[in-house]
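Structure at a glance
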Amino acid sequence: MTDIEAKTAAFVTGMKAMHFIPTIALCIAVTLQAAPSGTDAASKQIDALLAQSWKKHKITPNPLIDDATFLRRVYLTVVGRIPTYDEAKAFHACQAPDKRAKIVESLLSSEGYVQNFFNYWADVLRAQTQGVAGSTTAENYVNYLRQSLRENKPWDQMARELVSSEGSCFDTGAIGYYMRDRGMPLDNLSNTTRIFLGTRMECAQCHDHPFDKWTQKQFYEMAAFTHNMTASSYRSKGNDEVNKLIRADKSIDKQTQDLMRQALQEVFRPLRDTLVVQNKGSIRLPHDYKYSDAKPKDVVPASVMFGKPVTLAKESNTIGEFGKWLTSAENPRFTTIIANRLWKRVFGVGIYEQVDEMMDNSVASNPELMRFLEKQMVAYKYDMKAYLRMLLNTQAFARASEKEAPPGVPYYFQGPVFRRMTAEQVWDSMVALVSPEPEQPNWSARERERRELNNRHNLAKMLDKTEPELLFEASKLVATAMKEQNKEFDQLRKELDVARAKDDKEKSKEIQRRLNESQRILRETVSRCFYEAAKKSNNQEIQAQLAASAGDGPMEMAMMNMMENARVDARDAPLNEKLMTRIKADEVLLGIKDAKSIKSYENYQKTLHQTWSRAAELPSPAPRGHFLREFGQSDRDVIENSSDEASVPQALTIMNGSLLSQITSGWSAFSLNLRKAATNEEKIDVLFLSLYSRPPTGKEKAKMLQTLESYASNKALWEDITLAALSTQRFIFVE
């Protein structure tokens, strides 16, 4: 089994056996274990260090919070959404004295943790699924991040893989880190020091840093480690050999040679931007370098900016040595930055602020605590879950939130900071109101990615193994066909220019259709000719790959299947036994009896994942105009570029969009729970537990009953009540 086949098998198995949050079985010891005792002492030490700081600064810590506030806070912090109605109900019903520790452990072990922290790291690393020209590498990069979190890969290992991986995306999705900044090695170095070392060096790219100690020469010394990491399209030995054959054949005219090269480019087109290689070369200072410590265009040797020096021998793997230095526990900033980043994720403010702008004169608000956290991160071997477990089980996390932490003023963590939900947290909480399984994967997207990855990898292997002479013959056949097609293209383009000049929209549309059809014919010609070449090969592996890629269709379509994007019908999504049992129960509740309505409801459940998947399962970032973008999701062009500011478009999105109607529709999880409630009192309980994760107080219930009685004739009353509840500060903020 090849690496890519093993990864595919693991992916399919993971999709089938996804670990959802087993909160309903919260009090069953077999289902949920209490937090490992290995972090208990450390949690208490954090509380002790904070207590010393409060005493020193004469601060009274905030009071401890109740179970309801803790439940909602820990869900939003760890899995990035509010609890479902069933999860909230089960937690409140549980009488176990250590149920808070148990829920922490359950959430850290869930797929929700993966999805929530994927959102964070995708923002930091600027991971875009539609980036890199929508290539296979972009998809495999985000899958690498998801799987790393799912495996709980230690942060130092993950960081080392990101900055030192090379090869094709079929070997590792980690090459997406360099592919993301293809053609911009200096910008990539700036991002690297900011992400992993919390140090802003971008100013030193053009001149000595005006506010920090870094010189332009030091920037280039650091860049000397990474500037040779080059992103390119897939390289095949066969492709190189064919180009040699084309140059060597003097009987072929120049036009045919050019067309043959175009044919090769077309068949390798699906493999563009799938390779990162480490070239050999020296970096030089810019031509306008103006400082006295070197001359313009001087060659700059690699040298680290601080910490233990790195000595490079002639045979050294430069990027590998850089990765070791960057992630070493001896590196004075690597451990500090990840410990501070995760602390901020839990408490809302870093001990160092800003988390990615450290200088020699930066001061921690609690130096003793920061040193302890660094020590624990190393002791946990950069296990992010163990570190988070330690923070989440502190009394500090269980204290009432502080309404404000003014920028530039030291914050002493008398409680987590009261803050607005992120765009992803708001969306994912909406998903929890609609979908009965909020953590369900986006089956259509993941299945399409899996098929395309397999197809592209099979194409690469087949082109690698097909004899160069056969590829030469195929490109010659395509070139002959292209000569005739190019004449048609030229004529159609002239006709299109004339039609556009006359503003003849109908004529322009018809000509464009014919141009698109010609392009389709060209792709089919390329596919057919290279398929015929592969079919003549004596390599049995190629024959097997062709048969597998053809699927149930004709063998002639095998190459086309490898080259084109995969198509997936959401209605083909599998329904497991547990889901089918719930669907049948819902059909009884909803009174669905006829075959047509039953099929319609089952198709709704099958396709729900397309529109109501969590943010981590949607394109990264979501398209413009999507709810996520309106609520401040990062465009992933700049590191941590999200916004949590309120806006008028956000209010209009909730009031005038289709979102509310889908939450209160008859088939949403929230609506079904309302239907199951027999009385208005029970319905009010459902509303509060679903949106606020707690039962209503006596006063709230009395007020609600009065409202229901006063507006009993309003058929859209529950929709109006839900809209009002979703618009409250209590829903939109993390307390």
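Below you will find a few notes about this structure.

Rules behind the numbers
Residues numbered from 1 in each chain as written. Predicted model: local features only at pLDDT ≥ 70, side-chain atom pairs only at ≥ 80, totals over all residues. Heavy atoms only, no water. Helix = DSSP H or I, 4+ residues; strand = E, 2+ residues; numbered from the N terminus. Buried < 20%, exposed > 50% of the residue type's maximum accessible area, 1.4 Å probe, protein only. Contact = heavy atoms within 4.5 Å. Polar contact = N/O pair within 3.5 Å; in protein donor to acceptor, adjacent residues only side chain to side chain. Arc of directions from axis to C-beta. Core = buried A, V, L, I, M, F, W, Y, C linked by side-chain atoms within 4.5 Å. Phe/Tyr/Trp six-rings, centres within 6.5 Å; stacked < 30°, edge-to-face > 60°. Expected span 1.5 Å × (residues − 1).

**Here's the deal with the environment of D685**
By secondary structure assignment, the location of D685 is in helix α31 (residues 680–691). Among the residues examined, D685 registers a relative accessible area of 23% and is labelled partly exposed. Note: C-alpha distance between D685 and P695 (10 residues apart in sequence) is 5.6 Å. Ignoring any residue separated from it by four or fewer positions in sequence, one finds D685 in contact with P696 and K701.

**Section: the side chain of D356**
Checked against the element boundaries, D356 lands in the loop between α16 (334–347) and α17 (367–379). Among the residues examined, D356 registers a relative accessible area of 6% and is labelled buried. Within the structure, the side chain of D356 is placed 2.7 Å from the side chain of R194, a separation counted as a polar contact. The residues contacting D356, other than those within four sequence positions of it, are R194, G198, T199, R200, R341 and E640.

**Some words on unusual backbone geometry**
Following E353, the chain continues to Q354 via a peptide bond in cis, the omega torsion being 0 degrees. With respect to the helices, strands and loops of the structure, Q354 is situated in the loop between α16 and α17. A cis amide bond links S620 with the next residue in sequence, P621, at an omega value of -5 degrees. Tracing the chain through its elements places P621 in the loop between α26 (595–611) and α27 (627–630). In the Ramachandran plot, R126 falls in the positive-phi region, its phi being about 60 degrees despite a non-glycine side chain. Position of R126 among the secondary structure elements: in the loop between α6 (111–125) and α7 (131–134). Classification of R126 as buried rests on a relative accessible area of 6%. A positive phi angle, near 60 degrees, is found at D503, a position not held by glycine. By secondary structure assignment, the location of D503 is in the loop between α21 (468–501) and α22 (505–535).

**Focus: helix α9 (residues 155–164)**
All of the buried residues in α9 are W155, D156, M158, A159, L162 and V163. The buried residues of α9 occupy an angular sector of 160 degrees when projected down its axis, which confines them to one face.

**Some thoughts on the nonpolar core**
Ranked by size, the top nonpolar core spans 197 residues in total, and within it F196, W343 and L373 carry the most contacts. With nine residues, the single largest contributor to this core is α6. Setting aside chain neighbours within four positions, we find W343 in contact with I46, L50, G348, V349, G350, I351, L369, L373, Y387, L391 and F413. Within the second largest apolar cluster, six residues are counted, among which are F489, A499, I511 and L515.

**So, the packing of aromatic side chains**
For the coordinates displayed, the defined rule picks out 28 aromatic pairs. When the centroid spacing of 4.2 Å and the interplanar angle of 25 degrees are considered together, the rings of W343 and F347 count as stacked. Taken as a pair, W343 and F347 lie in helix α16 at a separation of four residues, close to a single helical turn. An identical accessibility class is assigned to W343 and F347; each is buried.

**Some remarks on helix α2 (residues 40–56)**
Spanning 17 residues, α2 covers 25 Å between terminal C-alpha atoms, matching the ideal 24 Å at 1.5 Å per step. Turning to α2, its buried residues are A42, S43, I46, D47, L49, L50, S53 and W54. In a view along the axis of α2, the buried residues occupy a sector of 160 degrees, so they form one face of it. Those residues of α2 that are exposed and aimed more than 90 degrees away from the buried face are A41, K44, Q52, K55 and K56. Those residues of α2 that are buried lie in contact with α16, α17 and α18 (384–392). K58 lies just past α2 and shows a positive phi near 55 degrees.

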